[in-house]
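In case you want the letters, here they are:
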Amino acid sequence: MSTVDLDRLAAALADYDQAFLVTVGDDHRSHAVLVDPVLADGVFDVGPFGGHTATNIATHSVVSLLWPPREPGGYALMVDGRAEPGLAGTLWVVPTKALLHRRAKPGSAAAESGCLHDCVVFKA
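Attention in this report is confined to the structure presented alongside it. (Residues numbered from 1 in each chain as written. Predicted model: local features only at pLDDT ≥ 70, side-chain atom pairs only at ≥ 80, totals over all residues. Heavy atoms only, no water.)

**Overview of the overall build of the protein**
Line of reasoning, step 1. Helix and strand content of the protein: three helices and eight strands.
Line of reasoning, step 2. For the protein, the sequential pattern of α-helices and β-strands runs α-β-β-β-β-α-β-β-β-α-β.
Line of reasoning, step 3. Expected size for 124 residues packed as a compact globule is a radius of gyration near 14 Å; at 15 Å, the protein falls within 12% of this value.
Line of reasoning, step 4. Taking the principal axes of its C-alpha atoms as reference, the protein extends roughly 50 × 35 × 25 Å.
Line of reasoning, step 5. Looking at the protein residue by residue over its 124 residues, the buried ones come to 34%.
Line of reasoning, step 6. Sequence-distant contacts in the protein: of pairs separated by 6 or more residues, those separated by 24 or more amount to 50%.
Line of reasoning, step 7. Here the protein has roughly 7400 Å² of accessible surface; of this, 57% comes from carbon and sulfur atoms.
Line of reasoning, step 8. Put simply, the protein has 9 plus and 14 minus side-chain charges, and the middle of one group is 7 Å from the middle of the other. (Helix = DSSP H or I, 4+ residues; strand = E, 2+ residues; numbered from the N terminus. Rg over C-alpha atoms; globule rule 2.2 N^0.38 Å. Buried < 20%, exposed > 50% of the residue type's maximum accessible area, 1.4 Å probe, protein only. Contact = heavy atoms within 4.5 Å. Areas by Shrake-Rupley, 256 points an atom, 1.4 Å probe, with all protein chains shown as cover. Lys, Arg positive; Asp, Glu negative; His and termini not counted. Charge placed at Lys NZ, Arg CZ, Asp CG, Glu CD.)

In structure tokens form, the structure reads like this:
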């Protein structure tokens, strides 16, 4: 059973376009590439992936997908997950955490509670 509310995640995706896939190598450096992930049956199909990404996920399968906000002050959509090779040379990402994230606006409930960020977690 997924720890992510996949229905809420699927609904949120309608507000976003392309994403960045972020992997980490043995040298602890991040590697980001632009992708067009599609969520189906609880798994993102990220599509074909290159050599650097393949090298990274071979030893570090935990990855992040990041959809930037469409406008300043808007929410970014962030998904952490486990990467695995899919069919026909594609990459699949199984979500383990998903949330909307932005800086807390002054006077907002998040800011008033002392938080720096305003997050909406899609927890199952």
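**Some points on the packing of aromatic side chains**
Line of reasoning, step 1. Summed over all chains, the structure comprises one aromatic pair.
Line of reasoning, step 2. Measuring from ring centre to ring centre gives 5.6 Å for Phe-44 and Trp-67, while their planes differ by 45 degrees; the resulting arrangement is tilted. On the criterion of sequence distance, the pair formed by Phe-44 in strand S4 (residues 43-48) and Trp-67 in strand S5 (residues 62-67) is long-range, its members being 23 residues apart. You'll find Phe-44 and Trp-67 in the same group, each marked buried.
Line of reasoning, step 3. The ring centre of Tyr-75 lies 4.0 Å from the NZ or CZ of Arg-102, which sits over that ring. (Phe/Tyr/Trp six-rings, centres within 6.5 Å; stacked < 30°, edge-to-face > 60°. Lys NZ or Arg CZ within 6 Å of the ring centre and 35° of its normal.)

**Points about the environment of Ser-64**
Line of reasoning, step 1. As for its position among the elements, Ser-64 is in strand S5.
Line of reasoning, step 2. When the C-alpha positions of Ser-64 and Ala-19 are compared, they lie 9.8 Å apart, and in sequence the two are 45 residues distant.
Line of reasoning, step 3. Once residues within four sequence positions are removed from consideration, Ser-64 is found in contact with Phe-20, Leu-21, Val-22, Val-79 and Asp-80.
Line of reasoning, step 4. Among the polar contacts made by the side chain of Ser-64, one reaches the side chain of Asp-80 at a distance of 2.7 Å. (Polar contact = N/O pair within 3.5 Å; in protein donor to acceptor, adjacent residues only side chain to side chain.)

**Digging into the environment of Val-63**
Line of reasoning, step 1. In this fold, Val-63 is placed in strand S5.
Line of reasoning, step 2. Relative accessible area serves as the criterion here: at 2%, Val-63 is assigned to the buried category.
Line of reasoning, step 3. Linking Val-63 and Thr-53, residues 10 residues apart in sequence, is a C-alpha distance of 10 Å.
Line of reasoning, step 4. Leaving out residues up to four positions away in the same chain, Val-63 has contacts with Leu-21, Val-22, Thr-23, Ile-57, Val-79, Asp-80, Gly-81, Ala-83 and Val-93.

**So, the side chain of Asn-56**
Line of reasoning, step 1. Along the chain, the position of Asn-56 falls in helix H2 (residues 51-59).
Line of reasoning, step 2. According to the relative accessible area criterion, Asn-56 is buried, its value standing at 5%.
Line of reasoning, step 3. Excluding residues within four positions of it along the chain, Asn-56 makes contact with Thr-23, Val-24, Gly-25 and His-31.

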